[in-house]
Amino acid sequence: MNQDFFKYQAQTTAFASGFQVEKAVGSYIYGKDGKKYLDFVAGVSANTLGHSHPKVVAAIKEQADRYLHVMVYGEYAQEKPVALCKLLAEATPEPLEVTYLVNSGAEAIDGALKLAKRYTGREEIISMKDSYHGNTHGALSVSGNEVHKREFRPLLPMVNFIRFNDESEFYKITEKTACVIAETVQGAAGFLMPDQDYFKNLKKRCEEVGALLILDEIQPGFGRTGKLFSFEHFGTVPDILVMGKGMGGGVPVGAFMSSEKIMNSLSHSPKLGHITTFGGNPLIAAASLATLNEVLTSGLMEEMERKELLFRQLLVHPKIKNINGKGLMLAVNLGEPEFTLNVAKKCMDKGLIVFWQLYKNEYMRISPPLTISDDEIREGCQIILDSLNEM
Ligand code: PLP
């Protein structure tokens, strides 16, 4: 199979691992090599409830027995997507109320940017240096890493960048600005947390000039930092909230959410301001609804702080420089990208899956399923420490 993978499936790097998966259950992925691997990555923050969570699988099966795709987004009232949007409205603070369901994080970012431009009638977008928002032309345009953008220009015009977590740059947000877009926790840059008041003050600045604040919660969303969305730690609410990844519990989904007043502007002048065939797909919505229900009712979110602490207590080693992040999105600084890559390879040999951060390759990514047990955390951290000792 590997030969065919490298020959027929488009590659994103020259060094994909080509790891072959037999099945995946809970915190483990079982390889075709007969070994089981503890998963500290969770499909890059996507498997909120672990692999093949029984409630997610049951919801998919039940929906599959009733109907699959029946119509493009926005025409028919289908039970699961409606219930998902309603539950999101109940679980988030005002004025977040109306959800537009799409197919991926990047598409949700594009939709959110369009919404902000349409609602404000303005053209300029302010984004953050070192941000990552996805790979469509729109999402790439607002991502703050030049290496990944250079070869794909021209991108969106009128996008300007400010430094994350630096209030001295707020003067660049003006009456010309349609929106400011930011990750609440900067992911690719190594799970960088904002100062406690940064987003409150950023929102204030946006309000002063009539710009909208878009927060990208595609990674921390759905409970990973101990709240359903991590902006809830910082005493502010975005005008537009973007989610994806962990929202699906293992299926592809994205969404952007806003007030009824703002969101309404996508339905007229022109009508069909954003459209998608598969957004709000009932099978995907069923999986996402089951995931959201479980996150809200299982008490998992209350465990994030304790599990983070356990990781931090266990991961003490002279080769670990510092650990960024919050809850179960932790980035472990090992100093050098090549060293981090080699540690990840050694961990894999020993039965643990870890990864690295997209821009800051010296940071090792730890973003396991929220359902990971204390024993599994201990088992995985011991493998990391053993690997470090052997290098
Ligand atoms: N925004 C953030 C913060 C992300 O981490 C990602 C994906 O890694 C995206 C947007 C893009 O999401 P997707 O890959 O589903 O398009």
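Note that this is a predicted model, so its numbers are computed, not measured. (Residues numbered from 1 in each chain as written. Predicted model: local features only at pLDDT ≥ 70, side-chain atom pairs only at ≥ 80, totals over all residues. Heavy atoms only, no water.)

1. As for the packing of aromatic side chains
By the definition in use, this model includes 14 aromatic pairs. When the ring of Tyr73 is compared with that of Tyr100, the centres are 4.1 Å apart and the planes differ by 15°; the resulting orientation is stacked. In this pair, Tyr73 sits in the loop between helix 3 (54-66) and helix 4 (79-91) while Tyr100 sits in strand 4 (residues 98-102), placing the two residues 27 residues apart along the sequence. For Tyr73, a relative accessible area of 23% puts it in the partly exposed group. The class for Tyr100 is buried, based on a relative accessible area of 8%. One aromatic cluster in this structure is built from Phe164, Phe170, Tyr198, Phe199 and Phe234. The ring of Tyr28 carries Lys36 above its face, with NZ or CZ at 4.2 Å from the centroid. (Phe/Tyr/Trp six-rings, centres within 6.5 Å; stacked < 30°, edge-to-face > 60°. Helix = DSSP H or I, 4+ residues; strand = E, 2+ residues; numbered from the N terminus. Buried < 20%, exposed > 50% of the residue type's maximum accessible area, 1.4 Å probe, protein only. Lys NZ or Arg CZ within 6 Å of the ring centre and 35° of its normal.)

2. So, the site of the ligand
The environment of the ligand is formed by Ser104, Gly105, Ala106, Tyr132, His133, Gly134, Glu183, Asp216, Ile218, Gln219 and Lys245. Here an oxygen atom of the ligand sits 3.1 Å away from a polar atom, N or O, in the side chain of Gln219. Residue Lys245 places a side-chain N or O atom 2.9 Å away from an oxygen atom belonging to the ligand. Against a free-state accessible area of 390 Å², the protein chains account for coverage of 80% of the ligand. Of the residues contributing to the shell around the ligand, the split by class is 3 nonpolar, 5 polar and 3 charged. (Near = heavy atom within 4 Å. Polar contact = N/O pair within 3.5 Å; in protein donor to acceptor, adjacent residues only side chain to side chain. Areas by Shrake-Rupley, 256 points an atom, 1.4 Å probe, with all protein chains shown as cover. Nonpolar A, V, L, I, M, F, W, Y, C, P; charged D, E, K, R; others polar.)

3. Quick word on the confidence of the model for the protein
Considering every residue of the protein, the mean pLDDT works out to 97; 100% of them sit at 70 or more. Taking the mean pLDDT of every element in the protein, the minimum, 93, falls on helix 1 (residues 2-8) and the maximum, 99, on strand 9 (residues 240-243). (pLDDT = per-residue confidence, 0-100.)

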